[in-house]
Amino acid sequence: MKKVKTLLICFLVFLLGCVLFFPWNAVQSYAVTRIFRIAANNGVYVSAQNSPTEGLLDKKFVCSRVLADFPLLRFKTDRIAVNPAIFRTLCGKPSALVEIGSGSLTLITKQQLSWNSGVMQLSAEKDTVSLRDVNVSGEFSAEGFAEFSLGSGEIRRAQLALKVPAEVENALEMLSKGMVKGLEKTAPGNWRLVR
C-alpha cells in the first residue's frame, strides 16, 4: 500500500512539473500562427502582439492589440485572453473561455460598434463552432448564444439580444431585409437574432 501511495505521489509531482515547466509560450506562438494562416486562407487578415501566457496551472493565452480585417468589417480589441480549460478539454469536447477587452467593430459603411469588455464560452465539435454565455457590454452589447458552420461561416442557430447605437440602426435594418435571417428590431436601439 505504501508503494502505491509513493508511486501516486511521484506521478502527481511529475504531472505538476510537466504542467509548470511546459513551453506554453511556444505553444501559444505556434497556435496563433496557425490560426492566422487559416484565417488568411479564408480572406480574414489578422495581426496581434503575443503576450506571455498567464496563470500557474490554469493557463490563459493572451494576445494584445488584435486587429482582424474581414471582407465587410474590421474587428479591433486591446486584448483577447483564451483559457482553454486544459483539464476539462482532455476529458470532453474542446472548449475555452474567451475574454475580450475594450474594442470595436467598424462596418464597411464606416459606422462603429464599440464595447468595454466581453466574455463567452467557445467550443467546437465536428463542423460547428459555438459561442455560449455571450456577454458583451458597452455602447454595443450582446447577450445569448450563437452556433456557426466552420465551412461556410453561416449562423446555424442563435438567440442573441443586441443593443446598438442609433447611427448603426440603418445598417442593421438593411441586413435584416434578407442578408441575415432572423434579425429583427424589438425597440429603438434593441435588436435580436433568433434562428
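Note that the structure is predicted; figures quoted are calculated from it, not measured.

**Q** Even after reading the chapter, I still don't get the overall build of the protein, so can you show me in this structure?
**A** From N to C terminus, the protein includes 4 helices and 12 strands. Among the 195 residues that make up the protein, the fraction classed as buried is 33%. Counting only contacts in the protein whose residues sit at least 6 apart along the sequence, the fraction spanning at least 24 positions is 35%. For the protein, the computed accessible surface area is about 12,400 Å², with 64% contributed by carbon and sulfur atoms.

**Q** Which parts of the structure should I look at to understand the pairing of strand E6 (residues 112-115)?
**A** Side-chain direction in a regular strand flips from residue to residue, so the side chains alternate between the two faces of the sheet. Only one face of E6 is buried, namely the one carrying Leu113 and Trp115, since none of Gln112 and Ser114 on the opposite face is buried. Pairing analysis gives 4 bridges linking strand E5 (residues 103-107) to E6, with the strands arranged antiparallel. In the strand pairing of E6, Leu105 is matched with Leu113. Between E5 and E6, which pair antiparallel and follow one another directly, the connecting turn spans 4 residues, one of which, Lys110, has a positive phi of 75°.

**Q** What should I look at first to understand unusual backbone geometry in this one?
**A** Negative phi values dominate among residues other than glycine, just as trans dominates among peptide bonds. For Arg65, which is not a glycine, the phi torsion comes out positive at approximately 50°. Structurally, the position occupied by Arg65 is in strand E2 (residues 61-69). Not every positive phi belongs to a glycine, and Lys126 is a case in point at roughly 50°. Examined against the element boundaries, Lys126 turns out to sit in the loop between strand E7 (117-125) and strand E8 (128-137). Residue class for Lys126 comes out exposed when judged on its relative accessible area of 82%.

**Q** In this structure, what is going on with the packing of aromatic side chains? I would like to understand it.
**A** Between two aromatic rings, the relevant description is the distance of the centres plus the angle of the planes. Summed over all chains, the structure comprises 2 aromatic pairs. Grouping aromatic residues by their ring pairs yields a cluster made of Phe75, Trp115 and Phe140.

**Q** Got a minute to help me understand helix H4 (residues 169-179) in this structure?
**A** The periodicity of an α-helix, 3.6 residues per turn, causes residues three or four positions apart to be oriented the same way. Regarding H4, the residues found buried are Glu169, Ala171 and Leu172. Buried residues along H4 cover an arc of 155° about the axis, so they all sit on one side. Turned more than 90 degrees off the buried face of H4, the exposed positions are Asn170, Lys177 and Gly178. On the buried face of H4, the contacting elements are E5, strand E11 (183-187) and strand E12 (190-194).

**Q** Before we go on, may I ask you to explain the side chain of Ser64 in this structure?
**A** Relative to the assigned elements, Ser64 resides in strand E2. For Ser64, the residues in contact, after removing those within four places along its chain, are Ala48, Gln49, Ser51, Asp78 and Arg79.

**Q** What is the right way to look at the environment of Leu67 in this model?
**A** Structurally, Leu67 is set in strand E2. The spacing of Leu67 and Gly103 is 36 residues in sequence and 9.6 Å in space, taken between C-alpha atoms. When sequence neighbours within four positions are dropped, the list of residues in contact with Leu67 reads Tyr45, Val46, Ser47, Arg74, Phe75 and Lys76.

**Q** Teacher, can you tell me more about helix H2 (residues 24-41) here?
**A** Over its 18 residues, H2 runs 26 Å from end to end, which matches the ideal 26 Å to within 8%, given 1.5 Å per residue. Directly after H2, the chain includes Gly43, whose backbone phi takes a positive value near 80°.

**Q** Sorry, what's going on with the environment of Val27 here?
**A** Assignment of secondary structure puts Val27 in helix H2. Between the C-alpha atom of Val27 and that of Phe61, which follows or precedes it by 34 residues, the distance is 9.3 Å.

Conventions and cut-offs
Residue numbers restart at each chain and count upward from 1, following the sequence in its written direction. Whole-chain, interface and lining totals are the exception, using all residues; otherwise, since this is a predicted model, local features are given only for residues with pLDDT of at least 70 and side-chain atom pairs are given and counted only at 80 or more. To obtain the side-chain values, all non-hydrogen atoms of the structure were used and water was disregarded. Only DSSP runs of H or I covering at least 4 residues are called helices, and only runs of E covering at least 2 are called strands; the numbering of each starts at the N terminus. For each residue, the accessible area found with a 1.4 Å probe, counting protein chains only, is set against the maximum for its type, and the residue is called buried under 20%, exposed over 50%, and partly exposed in between. Note on contacts: a residue pair is in contact if any heavy atoms of the two residues lie within 4.5 Å. Surface accessibility in these figures is a Shrake-Rupley result with a 1.4 Å probe; residues are shielded only by whichever protein chains are displayed. Two strands are counted as paired when DSSP detects at least two bridges linking them. Only rings of Phe, Tyr and Trp enter the pairing, Trp through its six-membered ring, and a pair is recorded when the two centres are within 6.5 Å. The plane angle decides the type: under 30 degrees is stacked, over 60 is edge-to-face, the rest tilted. Directions are taken from the helix axis to each C-beta atom, and the arc is the one they span. The length a helix should cover is 1.5 Å for every residue beyond the first.

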